[in-house]
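Given next are the chains, with one letter for each unit.
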Amino acid sequence: MSTKLFSPYVPRPVTLVEKTPLSDFVTRFTFEQDNGKPLAHKPGQFVNLSIYGIGEAPFSISSPPRRTNITFEIAVRRIGAVTGAMHALEPGAKVGIRGPYGSSFPVMKFVGKDVLIVAGGLGYIPLRSLLFYQLRHRDEFGRIVLMVGTRDPKERIFVDEIADLAKSGEVEVMETVDMPDSTWKGNVGVITTLLPKIDLDPGNTYVAMVGPPIMYRFVIAECRKKGIASEQIFVSLERKMKCGLGKCGHCQINELNTCIDGPVFCYTDIEAYQEAI
Amino acid sequence: MTTYTVYKEQLPGLFEKWSKQYALHVPARLREGFYDLVPWRKDLEIAWDYDVAYNSPKRFVMPPHEALITYDRRTYEAKPVFGAPKQILFGVHPYDVKALNQLDQLMEGGSPDQNYIRRREATVVMAFEPLTVSPSGFWASVGASSVAHGFDLYWTKVGPASFTVEIGSAKGEELLAMGGALLPSTAGDKEGARRAKARILTKARKNALRYNWEETPRLLAKCWDSPLWRRYSQMCLACGSCNTVCPTCYCFDIREESDDKLETGTRYREWDGCMLESFAKVAGNHNFRPKAQDRYRHRYFRKGKYIYDKIGELGCVGCGRCVRACTAGIANPLKVFNELWEETAHEY
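What counts and what doesn't
- Residues numbered from 1 in each chain as written.
- Chains lettered and ligands numbered in written order.
- Predicted model: local features only at pLDDT ≥ 70, side-chain atom pairs only at ≥ 80, totals over all residues.
- Helix = DSSP H or I, 4+ residues; strand = E, 2+ residues; numbered from the N terminus.
- Rg over C-alpha atoms; globule rule 2.2 N^0.38 Å.
- Buried ≥ 20, exposed ≤ 12 C-beta atoms within 10 Å, placed from the backbone.
- Contact = placed C-beta atoms within 7 Å.
- Nonpolar A, V, L, I, M, F, W, Y, C, P; charged D, E, K, R; others polar.
- Expected span 1.5 Å × (residues − 1).
- Pairing = 2+ DSSP bridges.
- Arc of directions from axis to C-beta.
- Axes fitted to C-alpha atoms, helices over the stretch in contact; angles between N-to-C directions.
- Domains from an automatic or database assignment.

**Details of the overall build of chain A**
Phase 1: A tally of regular secondary structure across chain A gives seven helices and 15 strands.
Phase 2: Taken against the 2.2 N^0.38 rule, which gives 19 Å for 277 residues, the C-alpha radius of gyration of chain A at 19 Å falls within 12% of a compact globule.
Phase 3: Along the first, second and third principal axes, the C-alpha set of chain A runs to 60 × 40 × 35 Å.
Phase 4: Taking all 277 residues of chain A together, the buried fraction comes to 49%.

As C-alpha cells, this is what we get:
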C-alpha cells in the first residue's frame, strides 16, 4: 500500500534564493531544491510551479542542466494570478514544484552542427537553457547564431548577458526590435527580417525557436526558403498546460498533448497538425 | 464463462447485504423520461426498463469535484488525498461499461492517475442488458452494444422474474454468492439471454451510423475544412453541457481553496469542458481555440479520431446523452458523422 501513496499531483518544496528584475514586467527567479538534488532537467523542459492558495502554472526552465548545482532558474512575466504572486515573493520564500516535464531540444543531434537559435519576445527564456548548455560544450558545436526579436527596446530581457555573448565571439548575436525608440541604434523590424541578412549552411544547420504564436509560421517559412529541412527545425509551443501528465486535456494540439509530447517538437512531426502552428 | 440464474425474489436480500458493505446504486425513475443511478433503499422501485441514466457513471470514478492534495502554506509540505468509497453500480448498460473501460485505459496509461485508479478499484460494476433504447441512443452502431470485460457481473433479464448473471470477476462471484447457493444457468436460460440481447439490438439499430464505425477516423481526417463545423457551431452556447453528460469526457481543471486563516488548503480537480470559451486560453488572453467552430470541431475529432488513434476505439459510445442535453440542438454525433459521411460519399 505504501508505494501507492505516491501521487503525481503532489509538488515538492523549493526555496527562492535570488530574484532579479529583467525588465518592468519580467523577473528572473533562482530556486534551490529543498531535497538537495539537482533538478536534472533537459533544455526545453518545464516545471509546474505552485503558490499554495493561488494556484499552479507551468514555466520553462531557463538555466542549463546542472550536474551538481541544486539551483535552477525560471524567468516570468507578471501577467496573471500565479505570476503576480511570484513577484511578491522574497528570497527565503518557498514554492512547490512538479517536474521537470515534457520533451527537450535534441542537443545530441546538434553536435557537430551549426545551430540557429531564434528567440522572439520571452522565447529567450527557455532557449537560454539550450544555449548555455551548448556554451559549456562549445567545441562540440559549429556556429551558434542567436537571433533575438523584441517588441520595443524597453521589453528587452537579459540585455547585459546577450551583449556579453556577442562580445565573447562564441555566439553570433543578431537583435531587432519591432518598434524602436530614440535610444535604439540596431535593427528594426520583426524577427523574420533578420534571416535574409545571414548566410547559413542549410544542410548543416539546426534551428531552435521559441516565440509568440504568430512568429512560428513566418520564421519557419524563412528557414525553409533558406533550404533548411523541416527535420532540422525544432520549436517549443505554448499551450494551456494544467496537469503536466497528459490527462487534463487543456494543452491539446489536435491529438497531441503539449505537456508530454511537447513542448519541444520537431517541425516534421507537427507539420500536418492544423492546430500546431 | 460461468453463468448463474438468479430470481427476482432473491434480490432484496442481496441488495440488503451488499448495501451494508458498499454504497449501492441502482437505476430508478426520477420523473417522466428521466432515470439515474441512485442510492438503493428498501422501498425503491428499480427501473429495469430505463433507457439511459441522464447523468453518466463517470461521476463515480471521477467525481465532478475531487480533492488531489492538501497543502500547508507555512511549511510548503503537501500530501496526496485519496477518496475511494466502496461502491456497487448495479444496472450499468454496456455502452456505459465501455465508457468506463475507456476511462480506465486513458487514466491508467502513461502517468497512472492514482486518484482514479483507487476509486475504480473500489468500484464494483454490475452491468445490465438494456430493455429499452433511448430515442437518441445509437450505441449499437458504434461497437458499444456488448463488452468483453469491465464488469464484475453481467445481468440479463430472461423471464418475468429471472435473470442470468454472467461472472466477470471473482469479486462479482463472491458478491453473488452472498445470496446463498448459486444455481448454474440452464441451456434454456442461456438461450433466453442470447434472445434478449438480439431483441434489444434490433431496437437499438434503428438509430445507426450509415457506415462502419471503424471508418470514423478516416472520415474525419478528410473533413477538417467541412462547412458542417460552422453550420452546427453557429448556434453553440458554449455551455459545456455535452461535455458534462458525456460518459467519456474526462478533461479537468485544477483549482484550490485555502482555509480562512490562509494556512492550509486543498487542491482539487473539477470537470472542465473543451466547449467552454476559456478552455484553451492562456495567460495574456491568447486563446488557442477562440471560435465555437474550433471548439466544436475539436470535440468531434476527439470523439471520432484522437481517442481512436490512441486506443483503437471510438471516443463516443453512442449513449445519446449529449443529444438530449444540448439546448441548441447541435450536439449529435450520429447526425454529424452521418452528414460528414454523405458529404464525402462521392470520394469513396
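**Details of the interface of chain B and chain A**
Phase 1: Contacts between the two partners involve 35 residues from chain B, matched on the other side by 34 residues from chain A.
Phase 2: With five residues, strand E10 (residues 252–258) of chain B is the largest single contributor of residues to the side of chain B that touches chain A.
Phase 3: Split by residue class, the side of chain B that touches chain A holds 19 nonpolar, eight polar and eight charged.

**A few points about helix H3 (residues 124–136) of chain A**
Phase 1: With 13 residues, H3 of chain A ought to run about 18 Å at 1.5 Å a step, and its terminal C-alpha atoms sit 17 Å apart, in line with that.
Phase 2: All of the buried residues in H3 of chain A are Tyr 124, Ile 125, Pro 126, Leu 127, Arg 128, Ser 129, Leu 130, Leu 131, Tyr 133 and Gln 134 of chain A.

**Details of the pairing of strand E7 (residues 114–120) of chain A**
Here is the key point about a regular strand: its side chains alternate between the two faces of the sheet.
Residues and elements named next belong to chain A.
Phase 1: Taken across its seven residues, E7 has six buried, putting it largely inside the fold.
Phase 2: Of the strand pairs in this sheet, E7 and strand E11 (residues 205–210) are connected by six bridges, and their pairing is parallel. Following the sheet pairing, Asp 114 is matched in E11 by Thr 205.
Phase 3: Pairing of E7 with strand E8 (residues 144–150), which is carried by six bridges, proceeds in the parallel orientation. Bridging across to E8, Val 115 finds its partner in Ile 144.

**Re helix H5 (residues 213–225) of chain A**
Residue and element names in this part refer to chain A.
Phase 1: Listed as buried for H5 are Met 215, Tyr 216, Val 219, Ile 220 and Cys 223. For H5, the buried positions fall inside an angular range of 120 degrees around the axis, keeping them on one side. Exposed side of H5, more than 90 degrees from the buried face: Ile 214, Arg 217, Ala 221 and Lys 225 are the residues found there.
Phase 2: Tucked inside the fold, the buried residues of H5 contact E7, E11, strand E12 (233–236) and helix H7 (267–270).
Phase 3: Once H5 ends, the next one or two residues include Gly 227, with phi positive near 95 degrees.

**Comments concerning the sheet that holds strand E8 (residues 153–159) of chain B**
Residues and elements named next belong to chain B.
Phase 1: Taken in spatial order, the seven strands line up as E1-E9-E8-E7-E6-E2-E3 in an open sheet, and their pairing is mixed. Single-partner strands in this sheet number two, and they are strand E1 (3–7) and strand E3 (34–39). Taken pair by pair, the neighbouring strands of this sheet meet at an average axis angle of 30 degrees, ignoring direction.
Phase 2: Contacting strand E6 (87–92) and strand E7 (123–128), helix H3 (residues 94–108) runs over the sheet at an angle of about 145 degrees to E7.

**Concerning the environment of Asp 261 of chain A**
Phase 1: One can find Asp 261 of chain A in helix H6 (residues 258–261).
Phase 2: With residues near it in sequence (within four places) discarded, Asp 261 of chain A still touches Ser 103 and Leu 256 of chain A.

**Examining the domain arrangement of chain B**
Residues and elements named next belong to chain B.
Phase 1: Taken domain by domain, chain B holds domain 1 (3–204) and domain 2 (213–347).
Phase 2: Measuring from the centre of the C-alpha atoms in domain 1 to the corresponding centre in domain 2 gives 25 Å.
Phase 3: Listed by partner, the interface residues are 35 residues for domain 1 and 28 residues for domain 2.
Phase 4: Of all elements in the fold, only strand E4 (65–72) and H3 reach the threshold of two or more residues within the side of domain 1 that touches domain 2.
Phase 5: When its residues are assigned to classes, the side of domain 1 that touches domain 2 shows 17 nonpolar, 11 polar and seven charged.

**What to know about the sheet that holds strand E5 (residues 78–80) of chain B**
By definition, the strands of a sheet pair up through backbone hydrogen bonds, in either a parallel or an antiparallel sense.
Residue and element names in this part refer to chain B.
Phase 1: An order of E5-E4-E11-E10 is seen for the four strands of this open sheet, with the pairing classed as antiparallel. The open sheet has two free edges, formed respectively by E5 and E10, since each of these has just one partner strand. When the angles between neighbouring strand axes are averaged without regard to direction, this sheet yields 25 degrees.

**Examining the domain arrangement of chain A**
The accessible area lost on association of the parts is a frequent measure of interface size.
Phase 1: When the domains of chain A are assigned, the result is domain 1 (2–101) and domain 2 (107–236).
Phase 2: When its residues are assigned to classes, the side of domain 1 of chain A that touches domain 2 of chain A shows seven nonpolar, five polar and two charged.

**Points about the pairing of strand E2 (residues 26–33) of chain A**
Residues and elements named next belong to chain A.
Phase 1: Sheet analysis places strand E1 (residues 12–21) next to E2, joined by seven bridges and oriented antiparallel. Bridge pairing in E2 places Lys 19 opposite Phe 29.
Phase 2: Between E1 and E2, which pair antiparallel and follow one another directly, the connecting turn spans four residues.
Phase 3: With seven bridges connecting them, E2 and strand E5 (residues 71–77) associate as antiparallel partners. Paired with Glu 32 across the strands is Thr 71, a residue of E5.

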